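Given next are the chains, with one letter for each unit.
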Amino acid sequence: MSSEPSVRVLLVADAPVESVDTVLDADETLSVRRCGFDAVDDHLADVDCLVLTDTFSLSGAAREIPTVLCTHGSPTTVDRPARYDAFAPAETPSVLPAQVRWATRRNDSVNRRRIAKLHEGAATLIAARSADELYHSTVDIACRILAFDTCFVAVVESEPTAARLDDDAVDEWVVPKAIRPPSAHVDEIPVSDGVAGQTYRTGESLLVDDLRAHPLAKPSDPAYRSGISVALGDDAVFQATATRPDAFDETDLHLAELLVTYATETLSRIRSEEALRQRREDIARLHDATADLVGCADEDELYRRAIAAAENVLSLDSCYVRTVEDGRFVVRAESDRSPDWEMAAIPVDYGVTGRTLRENRSFLVEDVRSDRRADPVDSGYRSVLSIPIGDAGVFQALSATPGAFDEKDLEFAEILVSYVRTTQSRIRSERALRTREQELTAERDRFSALFENVPDAAVAYEFVDGEPIVRRVNSAFEEIFGYDADTIVGENVDEYIVGESVDEADPSSAPRLNRQLQDGENLRRECRRLTADGPREFLLHVVPLAIGETNVAGFAIYTDITERTRREKRLTRQNEQLEEFAHIVSHDLRNPLSVAVGHLSLARETGSEESFEAVERSLGRMDDLIDDLLSLARAGRTVEERTPLDATEIAARAWSGVDTADATIHSEGPIPVDADESRLRELFENLFRNAIEHGGDAVTVSVGPADDGFFVADDGPGVDEADRERVFDRGFSTGGDGIGVGLHIVRTIAEAHDWSVTVCDSPDGGACFHFVTDEAGEQADASDADLSEEAFPTLDTNRAARGK
C-alpha cells in the first residue's frame, strides 16, 4: 500500500490504558494526542478521529468528528451503537489503527452498517476452536457480510501434495484451505509466485484493480480481474477476487484488513491453545513413558528404555547415553535408527560431552562446525543436545541437520533425563544397599556363628527406657541359666537372673552395672546371678557397642565360676582349719601337756598319788582335746558328693547316737536336702549335744522344715543376744570342759554344703538354729531371724504334740 498522511487522533481517556496507548503509538500513520472526557471540547482543533475508551455523550462539535469506541464486549451491547463510526474490542486492541483509518475515510451509513455487522460476525470468528474452523468462518463472513464474490484463505506448507509431487524445485507452496463459494477454483502456487506469494513474503496488503495488468498476478481462473490480498498471521493469506476490474476500493481493503485482524488474533489464540494442549499432551505422553523407566532395576535396561522414550515420545532419531568408565566416556545405549557415526570411547574432558559433565549443565549446539565447544568425533552430525545424567553420565541427541533442535526439544529431553537421573540414583542406592546388606548378612552370619559358639552364656541386649531388654541368647545361656530363648527374648534380663536384694554400693549390682554400660564402660566383674536351678557365681564381661559413648545396646558374657569359687572357699576353709589345728596344738594341747610333765616329775621325786592323778587328769583332758580336734578335722573336710536326703531321718539317726539321757526330740514332715550323709549326721549330733549340755538332761529338741531350709530348736536357756554373733567362733564356750568347737563344727559343715546358719530365740525361749539350704535365699542375720509360724510352721505343731 502507498504511504498516507498521518491521521490526527485524539485519545479520550480519564486514565491511561496501556494496551491502547501502545498500539496507537506503534502505528506510524497515526498522530496521537490525549485528554480526559471533561476536556474533549477544548482539544477538537485539528482532530481527524476520536478514540474513546468508554461510552460518552459527545457535544455538537465532537459529534461531527469520526469516532471509534474501544470497549469490552460486542458492539451490540453498547447503548446506541450507531453514534460511533467504528468499534475495536479491548481484548484485541491491535485492530484499532485499521478502525481509525476506516472511520476517517468512509463515514456513511452503509459502511457503518457493514462495520456493525462485521463486529457482530466477529463474535463467531473469535469463537473458532481450530484453524480450519477459523479459515472457513473468515471466508464465510467475507462473502456474507462484506459481500465479496469469491474469497479464500491459503496456508503456506512445505509438504508436497499429490498434485505437486514431481516438482522438487519448490520448497514451499501456498495451499488453499477454505474457499467461498466451494465451487470456485483456486490453484496451489509456489510462495515465489503470484500476488498471494508476494503478500506472504512482504506481509503487506494489496489492492489490485486489474489482475491482467499486474506483473506478479497469476490468477487461477482467467475470469478473475481484480482482487484484495491480506496477510493472515505469519503463514496464511486471505484473498478476495471479482470477475470485473476495479471491483474493490480502499474501504473494501480496510474492511478486509479489519476482518483479517480479528482472524489473526484468533489464530494466534488458537495456536497458543494448540501449543499448550500439545505441550500438555507431550508432557503426559512423556510422563507415561517415564513410568516404564522408574521400574527399572538395572542401569543398562534404564538407558535402553530412555533411548526408546526419546525416539517414540520426543521423536529424536539419533540418541546416545554415555557413562564414565576408567576415565573415558563409553556408549552404554544408542538408538536403533542412529546413523553409522563414529562413537568410540573419548576422554572425560573431551568436547561438549566433557563440558556437559564437568559443568553439570545442558548444552544446545545448533551447528558443531561453528561452535568451538563442540569438537565432534564424527563429521556426519551437525547439531547436538547434551544433558548431564548425574555425576558420571551424559544423554545426547545428534542430527545431521544444523539447527535441528530447539528450546522445546531441550526442555523435554531434560524432563526425560531428570527421570533417568532419579532412577539411576535409586538403582545405585539400591545396589549399594544390597551390597551393604550382603556384607551385613555375611557379617551377621559370622557373628551369629561366633555368638552361638561362645562356650559361655552370652546375651545380646538393648536398653529400652533404661531397662536391659534381651534381643538374643546363645545355647550356652539356655543351658546354664535354664531359660529358653522364646521365654527371655524381649524381656528385662535383670528380672530373670538378678535377685531381689539390691545393694547399690556393690560393684556387681545390676543397676550400677547398667549405668556404667550406658556410659560406654567396658566391664569385667565377679557377680552372683540366679539360674533356674538357683544362684551361681559368674565372671561377667559386658561389652558396649561403642566404648566411651552413650550406648543403647551391647553384649554380656557370663563365665560360670561357681565350681572355682567353691574350690576357693574350700581351700580357704582348709587353710583356716590348718591354722585352727596349729592354734589348738600350740595352745590348747600345750597347757595340759605342760601340767602332765610337771606332775610326772614331781611324782618321780615324791611318789605322790595326787601327782599321778593330776597327770591322769591332764592326759584325759588331752584325749578330749584330741577327740574335738579330730571332729573339727572331719567337719572341715570338703563335701565332694551330695545325695538327696531326708534331713528328718538323718536327725533321728543322730539322736540315737548321742547320750540323750531324758531329753526328747520332735519332728514334723520330711526335710529334703542335697547333702553328705555323714557330715549332716555329725551336724545334728553336735547340735543335740549342745542342747543337752546347755538345756539339761530333760531338754526338748524340735527339728522341722522352714521356707528356705530347716531349723533345730530347743526349750533350754537359749543364747544371749550379745553372744549370737560369736557363738559359732572356735573356742567360744559358755560352759563345759570342751574347747568350744561344737557349734564351730556345725557352721563348718553347713558352709561346706554352701548353706548358712544363724541362731535366734525359739518360741519356747530356747535356742533355734536356722539353716538356709535354698540356694536362692540370702544368708539371714541373727538379729533379724523370724520364728513366726509362717517361717517355721512345724514349731507350733511340735508344741502341741508335747502338750499332749
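A few points on the structure. As the structure is a computational prediction, the values presented were derived from the model and not from experiment. (Residues numbered from 1 in each chain as written. Predicted model: local features only at pLDDT ≥ 70, side-chain atom pairs only at ≥ 80, totals over all residues. Heavy atoms only, no water.)

### Some thoughts on the overall build of the protein chain
For the protein chain, the helix and strand inventory stands at 20 helices and 29 strands. Per-residue burial for the protein chain yields a buried fraction of 45% across its 804 residues. Once local pairs closer than 6 in sequence are excluded, the contacts in the protein chain between residues at least 24 apart make up 55%. (Helix = DSSP H or I, 4+ residues; strand = E, 2+ residues; numbered from the N terminus. Buried < 20%, exposed > 50% of the residue type's maximum accessible area, 1.4 Å probe, protein only. Contact = heavy atoms within 4.5 Å.)

### Describing the side chain of Glu-682
Mapped onto the elements of the fold, Glu-682 is located in helix H18 (residues 677–695). Residue classification places Glu-682 among the buried positions, given a relative accessible area of 7%. Polar contacts involving the side chain of Glu-682 include one to the side chain of Arg-679, which spans 2.8 Å. (Polar contact = N/O pair within 3.5 Å; in protein donor to acceptor, adjacent residues only side chain to side chain.)

### Concerning the environment of Tyr-483
Turning to its location among the elements, Tyr-483 is positioned in the loop between helix H10 (475–481) and helix H11 (485–488). Linking Tyr-483 and Val-473, residues 10 residues apart in sequence, is a C-alpha distance of 9.5 Å. Ignoring sequence-local partners within four residues, the contact set of Tyr-483 consists of Phe-477, Glu-478, Ile-488, Tyr-496, Ile-497, Thr-531 and Ala-532. A distance of 3.4 Å separates the side chain of Tyr-483 from the backbone oxygen of Tyr-496, its partner in a polar contact.

### Concerning a negative patch on the surface
There is a patch of like negative charges on the surface, built from Asp-14, Asp-38, Asp-41, Asp-42 and Asp-54. Structurally, the position occupied by Asp-41 is in the loop between strand E2 (30–35) and strand E3 (49–52). You can call Asp-41 partly exposed: its relative accessible area is 48%. (Patch = residues over 30% accessible without salt bridge, like charges linked within 9 Å, V, L, I, M, F, W, Y side chains within 5 Å. Areas by Shrake-Rupley, 256 points an atom, 1.4 Å probe, with all protein chains shown as cover. Salt bridge = Lys/Arg side-chain N within 4 Å of Asp/Glu carboxyl O. Lys, Arg positive; Asp, Glu negative; His and termini not counted. Charge placed at Lys NZ, Arg CZ, Asp CG, Glu CD.)

### Topic: the pairing of strand E11 (residues 236–242)
Within E11, seven of the seven residues are buried, which leaves the element mostly enclosed by the surrounding structure. Of the pairings in the sheet, the one linking strand E6 (residues 150–157) to E11 comprises six bridges and is antiparallel in character. Note that in E11 the partner of Val-153 across the bridge is Phe-238. Between strand E10 (residues 226–232) and E11, which pair antiparallel one after the other, the connecting turn spans three residues, and Gly-233 there sits at a positive phi close to 70°. (Pairing = 2+ DSSP bridges.)

### Brief notes about the sheet that holds strand E4 (residues 67–71)
Taken in spatial order, the five strands line up as E2-E1-E3-E4-E5 in an open sheet, and their pairing is parallel. In the strand order of this sheet, the two ends are held by E2 and strand E5 (86–89), each with one partner. Strand-to-strand twist in this sheet, taken as the mean axis angle between neighbours without regard to direction, amounts to 25°. Bridging between E3 and E4 involves three bridges; their strand directions are parallel. Counterpart to Leu-52 in the pairing with E4 is Leu-69. Relative to the sheet, helix H1 (residues 18–26) contacts strand E1 (7–12), E2 and E4, its axis offset from that of E2 by approximately 145°. (Axes fitted to C-alpha atoms, helices over the stretch in contact; angles between N-to-C directions.)

### Some details on the pattern of salt bridges
Considering all chains together, one arrives at 40 salt bridges under this definition. Note that Glu-439 is salt-bridged to Arg-436, the shortest N-O span being 3.5 Å. Of this pair, Glu-439 and Arg-436 are both found in helix H9 (residues 407–453), three residues apart, which corresponds to roughly one turn of the helix. Classification of Arg-436 as partly exposed rests on a relative accessible area of 40%. Across the salt bridge formed by Asp-560 and Arg-536, the nearest N and O atoms sit 2.8 Å from each other. With Asp-560 in strand E22 (residues 553–560) and Arg-536 in strand E21 (residues 534–544), this pair connects stretches of sequence that are 24 residues apart.

### Here's the deal with the packing of aromatic side chains
Counted under the stated rule, the structure contains 16 aromatic pairs. When the centroid spacing of 5.9 Å and the interplanar angle of 20° are considered together, the rings of Phe-684 and Phe-688 count as stacked. Taken together, the positions of Phe-684 and Phe-688, both in helix H18 and four residues apart, correspond to about one turn of that helix. Among the aromatic side chains, those forming a connected cluster through ring pairs are Trp-655, Phe-684, Phe-688, Phe-710, Trp-755 and Phe-771. (Phe/Tyr/Trp six-rings, centres within 6.5 Å; stacked < 30°, edge-to-face > 60°.)

### Overview of the sheet that holds E11
Consider a sheet: its strands pair through backbone hydrogen bonds, and that pairing is either parallel or antiparallel. Strand order in this open sheet of six strands is E8-E7-E6-E11-E10-E9, and the pairing throughout is antiparallel. Unpaired on one side and paired on the other, strand E8 (189–190) and strand E9 (206–208) mark the two borders of the sheet. As paired elements, E6 and strand E7 (residues 173–180) share seven bridges and run antiparallel to each other. Bridging across to E7, Cys-151 finds its partner in Arg-180. Relative to E7, helix H4 (residues 131–144) is tilted by about 55°, and along the sheet it contacts E6, E7 and E11. Contacts from helix H6 (residues 250–294) reach E9, E10 and E11, with the element oriented near 30° to E10.

### Here we look at the nonpolar core
Ranked by internal contacts, the top residues of the largest apolar core, which has 56 residues, are Leu-96, Val-100, Phe-148 and Phe-238. With 10 residues, the top contributor of residues to this core is H6. Setting aside its immediate chain neighbours within four residues, Phe-148 contacts Ala-142, Cys-143, Ile-228, Phe-238, Ala-240, Phe-248, Asp-252 and Ala-256. One finds Ala-663, Ile-692, Val-703 and Val-759 within the second-largest nonpolar core, a separate group that totals 39 residues. (Core = buried A, V, L, I, M, F, W, Y, C linked by side-chain atoms within 4.5 Å.)

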